[in-house]
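The residues making up each chain are set out below.
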Amino acid sequence: MRLWVAFGEHPQLAAVWGRYASSGTGSRLAMEETLQALRAAGLPDPEIPGHYHRLATTFVALISAGAAANAIATEEYAQSVELFRVAVLGADPERFPALAHFSCKVQPATENRRAAFEDILAAHLDQIQATIPVPGRAG
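1. Side note on the overall build of the chain
Inference 1: A tally of helices and strands in the chain yields seven helices and zero strands.
Inference 2: When burial is assessed residue by residue, the chain has 21% of its 139 residues classed as buried.
Inference 3: Considering only contacts within the chain whose residues lie at least 6 apart along the sequence, 64% involve residues at least 24 apart.
Inference 4: Just so you have it, the chain exposes about 9,600 Å², and 61% of that area is on carbon and sulfur atoms.

Listed below in structure tokens is the structure:
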């Protein structure tokens, strides 16, 4: 969540981090903190790299996209939301039956992005917690 806030305050960094996520001292520090947190949570060492990769792949993209969206002008954002709504609400039910069915409920990716990020993060953390060996619990 600290990365989400930092990139929201400095969206220009998101573009750089998205391209060079594993270079530089700041990136190494973020990687180190994440790896240490996974180890401190009790994950067995052989499982840590896979969880790290899934977290990094998902969250670099989400954080970068969120920061980039925050950097666009209000008019451009409003136009993109309107284009999304026209495309979704105007979906041909013969060709796109599921989209037509859910069109009133589907939101643009830019809507509630932080809430979606928090939900995805919580789900992944729950999955990590479920894989941590607990003494006395049958695995």
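2. Observations regarding helix α4 (residues 48-71)
Three or four residues apart is the spacing at which side chains of an α-helix point the same way, because the helix has 3.6 residues per turn.
Inference 1: Spanning 24 residues, α4 covers 34 Å between terminal C-alpha atoms, matching the ideal 34 Å at 1.5 Å per step.
Inference 2: Within α4 the residues assigned to the buried category are Ile48, His51, Tyr52, Leu55, Phe59, Val60, Ile63, Ser64, Gly66, Ala67 and Ala69.

3. Re the packing of α4 against helix α7 (residues 113-131)
Inference 1: Two elements in contact, α4 and α7, have axes separated by 11 Å at closest approach and are oriented at 170°. It follows that α4 is roughly antiparallel to α7 by the angle criterion. Here His51, Arg54, Leu55, Thr58, Phe59, Leu62, Ile63, Ala65, Gly66 and Ala69 of α4 lie close against α7, whose contacting residues are Arg113, Phe117, Ile120, Leu121, His124, Gln127, Ile128 and Thr131.
Inference 2: Looking at the contact of α4 with α7, its residues break down into ten nonpolar, six polar and two charged.

Conventions adopted
Residues numbered from 1 in each chain as written. Predicted model: local features only at pLDDT ≥ 70, side-chain atom pairs only at ≥ 80, totals over all residues. Heavy atoms only, no water. Helix = DSSP H or I, 4+ residues; strand = E, 2+ residues; numbered from the N terminus. Buried < 20%, exposed > 50% of the residue type's maximum accessible area, 1.4 Å probe, protein only. Contact = heavy atoms within 4.5 Å. Areas by Shrake-Rupley, 256 points an atom, 1.4 Å probe, with all protein chains shown as cover. Expected span 1.5 Å × (residues − 1). Axes fitted to C-alpha atoms, helices over the stretch in contact; angles between N-to-C directions. Parallel < 35°, antiparallel > 145°, perpendicular 65-115°, else oblique. Nonpolar A, V, L, I, M, F, W, Y, C, P; charged D, E, K, R; others polar.

Any functional reading would require information beyond the geometric quantities listed.
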